[in-house]
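Architecture at a glance
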Amino acid sequence: MADLLQRAERLLTANTQTALSNGRLYRFTVPSVRHYPFQWFWDSCFHAIVWAKIDVERAKDELRALFARQQPDGLIPHVIFWDQSKLSRRSWHYLESKGSWRYFDPRYRPLTSAEIQPPVLAQAVEAVCAVDASFEAEALPVLERYYRYLARCRTRPGRHLISLISQFESGLDYSPAYDELAGIDRRRPISIFARSRLVQLKNLRADYNLNEIFRRNDSVEDILVNSIYIDALRTLGRLAQHEGRHAALAAWARQEAACAREQLLELWDPGRHFFYNRNSNGRPVGAMTVHGLMPLLLEDLPADMVAGLLEHLHDPKRFAASYPVPSVALDEPSFLIDSHLYGFRFIWRGPASLNTNWLVTKGLRRHGQRETATLIADSSVGMVEAGGFNEFFNALTSDPTGEPDFGWATLAADIHDCR
Ligand code: GLC
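Residues numbered from 1 in each chain as written. Predicted model: local features only at pLDDT ≥ 70, side-chain atom pairs only at ≥ 80, totals over all residues. Heavy atoms only, no water.

**Observations regarding empty space enclosed by the protein**
To keep things clear, this is the line we draw: Put simply, the grid is 1 Å and covers the protein atoms alone, a cavity is a trapped set of points that fit a 1.4 Å probe, a pocket is an open set with protein on both sides within 12 Å along at least five of seven lines, and lining residues have an atom within 4 Å of a point. Grid points are joined across faces, edges and corners, and a volume is the space filled by probe spheres set on the points. Each residue is assigned to one of three groups, with Ala, Val, Leu, Ile, Met, Phe, Trp, Tyr, Cys and Pro labelled nonpolar, Asp, Glu, Lys and Arg labelled charged, and all others, Gly among them, labelled polar. Put simply, DSSP marks the helices as runs of H or I at least four residues long and the strands as runs of E at least two long, and each gets a number from the N terminus on.
Counting across every chain of the model gives two cavities of 30 Å³ or more. Taken as a whole, the largest cavity encloses approximately 40 Å³ of empty space. Around the largest cavity sit Ala-177, Ile-223, Phe-274, Phe-275, Tyr-276, Asn-277, Val-285, Gly-286, Ala-287, Thr-289, His-291 and Gly-292, which together line it. Taken together, the residues of the lining of the largest cavity break down into seven nonpolar, five polar and no charged. Computed from the structure, the second largest cavity encloses a volume of approximately 30 Å³. Forming the boundary of the second largest cavity are Val-120, Gln-123, Ile-228, Asp-231, Leu-297, Trp-358, Leu-359 and Lys-362. Element by element, the count of residues in the lining of the second largest cavity is highest for helix α12 (residues 354-366), at three residues. Residues of the lining of the second largest cavity, tallied by class, amount to five nonpolar, one polar and two charged.

Given below as structure tokens:
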């Protein structure tokens, strides 16, 4: 494991970039130098968790670069384009950013996207604070503004769960969890591209005005995002409790988590014994994907739901692949072994990834499922040992099938320790 951590350090160092902004130097890690040359929100949270085991100063800097681009309303965007010269006009980034009606103005380049990603920031801060508690005072005000923003601006009236305005906010870009909702024909690449991006085009037309977007009534309560959100609110509650002056924040976070948990449990499908995303009409939608396993992160998930999820996780026709955990159940018609359909790359439609394996493993440990957790952890480390720090792995053969030298695959160095 020491060797794995050393290799993780080498990769994270190689993927480190710096940027000067307002006279201050920022350091952060890009997911992949070649393919993802900017700072991504949840990737950086995972990078910080691994950096905390190697060099806590570097971990703090990783998060400080995210903090630096927090917007006045509290949003921390899903991508920060530190080096705008790398922004290609042909990239999707323009579609995901405010102000892109100025697309044809050659001087226009967005600074950040206008979307969110799974809010795993509080968990990253907690991992850093476990090594250096002094970071708490610096991070808490940022966390407070960020999570209050999500609760205030990213939920529909009367709801405590986050509603996503685009499937790309889920972090699991082309997951078939969204096919039905977006009207995607899973057999046609053009349909997957066009339908998923059409939603972003509508958001851009509203210039990312959330009131206008929510009025459209097609936002989605995503299981993965909300499981992480509830876990994050609880983490925030713990962090805030350490300091007497943050007692009100601790109470708010705990209360918000309790309300969100109640609503998350409503997304359980008692017939299929699984969790599914839900659209604005309250209808459970989508395929059986790794999203639905994420409520395992909640220590107090009712026992019958834990048992139901474990059954699917242990089922060789579903998630018990030779190299778990596939991002889509093997028996789903949309399952793609290597993320390719007629030569086009659509990620999150089958292969396993280290971040979702890490989250599932954590959840399993919280329910005393040590054996299954160890099995997934061993298999994850084995895939990385054999195939390198790759973005995705074929769940049937363990072949790497995504971008090489990929940042969050270094979670392999933490997967035996995470709780
Ligand atoms: C892809 C992934 C997303 C990730 C990003 C950068 O878009 O789906 O989760 O954050 O790449 O690695």
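**Considering the sheet that holds strand β10 (residues 284-285)**
Applicable threshold: Two strands pair under a simple rule: DSSP has to find at least two bridges between them.
Taken together, the four strands give an open sheet; going across it, the order is β5-β6-β9-β10, and neighbouring strands pair in antiparallel fashion. Lying at the two open borders of the sheet, with one neighbouring strand each, are β5 (163-164) and β10. Bridge count between strand β9 (residues 277-279) and β10: two bridges; the pairing is antiparallel. Note that in β10 the partner of Arg-278 across the bridge is Pro-284.

**A closer look at the nonpolar core**
In summary, soluble globular proteins display a tendency toward joint burial of nonpolar side chains. To keep things clear, this is the line we draw: Only buried residues count toward a nonpolar core. Its members are Ala, Val, Leu, Ile, Met, Phe, Trp, Tyr and Cys residues joined through side-chain atoms within 4.5 Å. Three labels apply to residues, based on accessible area from a 1.4 Å probe with only protein chains included: buried if under 20% of the type maximum, exposed if over 50%, partly exposed otherwise in between. Contacts are assigned to residue pairs with any non-hydrogen atoms lying within 4.5 Å of each other.
Trp-42, Leu-63, Leu-121, Val-125 and Tyr-147 are the most contacted members of the largest nonpolar core, which totals 142 residues. Of the residues forming this core, the biggest block, 11 residues, is contributed by helix α9 (residues 223-241). The residues touching Val-125, leaving out its near neighbours within four places in the chain, are Leu-63, Phe-67, Phe-135, Ala-139, Leu-143 and Leu-239.

**Quick word on helix α4 (residues 121-129)**
Of all nine residues in α4, seven are buried, a share of seventy percent or more. Turning to α4, its buried residues number three or more, namely Leu-121, Ala-122, Gln-123, Ala-124, Val-125, Val-128 and Cys-129.

By themselves these figures say nothing about function.
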